[in-house]
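Coordinate analysis (summary)
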Amino acid sequence: MTEPAALFRPSHDRDTLLAWLEEAGIAQNTHDHPAVFRVEEGLDLKANLPGLHTKNLFLKDKKGRLWLISAAQDTVIDMKRAHRVLGSDRLSFGNETLMWETLGVRPGSVTALGLINDLERRVTFVLDQRLWDADIVNFHPLVNTATTALGQDAFRRFLSALDRQPLVINFAALAEQDAPSPPSGA
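Residues numbered from 1 in each chain as written. Predicted model: local features only at pLDDT ≥ 70, side-chain atom pairs only at ≥ 80, totals over all residues. Heavy atoms only, no water.

Comments concerning the packing of aromatic side chains
The criterion, for reference: Pairing of aromatic rings covers Phe, Tyr and the six-membered ring of Trp, with a centre-to-centre limit of 6.5 Å; geometry is then stacked below 30 degrees between planes, edge-to-face above 60, and tilted otherwise. In this text, helices come from DSSP runs of H or I with a minimum length of four residues, and strands from runs of E with a minimum of two, each type numbered from the N-terminal end. In this scheme, the term charge over a ring applies when either NZ of a lysine or CZ of an arginine sits within 6 Å of the ring centre and within 35 degrees of the ring normal.
In total, this model carries 2 aromatic pairs according to the counting rule given. Residues Trp20 and Phe158 carry aromatic rings whose centres are separated by 5.8 Å and whose planes lie at 90° to one another, so their mutual orientation is edge-to-face. A residue pair is termed long-range when its members are at least 10 positions apart, and Trp20 in helix α2 (residues 14–23) and Phe158 in helix α7 (residues 152–161) qualify at 138 residues. Above the ring of Trp132, the side-chain terminus of Arg156 is found at 3.6 Å from the ring centroid.

So, α7
Definition in use: Relative accessible area decides the class of each residue, using a 1.4 Å probe on protein chains only: under 20% of the type maximum gives buried, over 50% gives exposed, and in between gives partly exposed. Directions are taken from the helix axis to each C-beta atom, and the arc is the one they span. The contact rule is simple, with two residues in contact once any of their heavy atoms fall within 4.5 Å.
All buried positions along α7 are accounted for by Gln152, Ala154, Phe155, Phe158 and Leu159. Buried residues of α7 fall within an arc of 165° about the axis and therefore sit on the same side. Of the residues in α7, the exposed ones pointing more than 90 degrees away from the buried face are Asp153 and Ser160. Buried-residue contacts for α7 involve α2, β5 (123–128), α6 (129–133), β6 (136–139) and β7 (146–151). Trailing α7 by a residue or two, Asp163 shows a phi angle of about 55°, which is positive.

Let's talk about unusual backbone geometry
The phi dihedral of Arg121 is positive, around 55°, even though this residue is not glycine. Tracing the backbone through its elements, the reader meets Arg121 in the loop between α5 (96–103) and β5. Taking relative accessible area as the criterion, Arg121 reaches 43% and is therefore assigned partly exposed. Backbone geometry at Asp163 places phi at a positive 55°, although glycine is not the residue there. Residue placement: Asp163 occurs in the loop between α7 and β8 (167–169).

Observations regarding the pattern of salt bridges
Applicable threshold: Salt bridges are counted wherever a side-chain nitrogen of Lys or Arg sits within 4 Å of a carboxyl oxygen of Asp or Glu.
Considering all chains together, one arrives at 6 salt bridges under this definition. In this structure, Arg14 and Asp32 form a salt bridge, with 2.6 Å as the shortest nitrogen-oxygen distance. Of the two residues, Arg14 is situated in helix α2 and Asp32 in strand β1 (residues 29–32); the sequence distance between them amounts to 18 residues. A salt bridge links Arg130 to Asp74, with the nearest nitrogen and oxygen atoms 2.8 Å apart. Here Asp74 lies in the loop between β3 (66–72) and α4 (79–86) and Arg130 lies in helix α6, a separation of 56 residues in the sequence. By relative accessible area, Arg130 is classed as partly exposed at 31%.

Quick look at the environment of Arg9
With respect to the secondary-structure elements, Arg9 resides in the loop between α1 (4–7) and α2. Note on Arg9: relative accessible area 67%, which makes it exposed. Separated by 95 residues in the primary sequence, Arg9 and Gly104 have C-alpha atoms spaced 7.5 Å apart.

Below you can see the structure in the form of structure tokens.
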């Protein structure tokens, strides 16, 4: 018997995503490269591409709500505290089936651009303040063998075209709140 996830076909793949961006007049620059599965991989590759590079976490809370957190690649996200900041129950990583059914991506390819496949709007999008403020943001175009650079205006037009408003969180400020205070009176 075939699993239901095997029957699911996302509305967009890399090629149709890039064609959609072009048709919508959303400027982008896509660079092909060897597969990159984790932020630590390909740092040399990313060094040659302008803009902020991202890490993207696909999460599920205990009530079944789905979350996509897109943050600058070096941002610290405290998974033990994140649920309180988001107003959710405890978070864990979403499984591959849910990832495929909602964002149309496989592990290693999670990206904010996957929101184009979330036609049922099951995923709440959370964006790092640093990405919201960056001149250029870089995401995988639904596959981890390329990086798509979008100027901030283009990225916001992408979100607007999907009628998606991110929950913008200043993760850097949260990390500073958690930092131990220096000893007083020294």
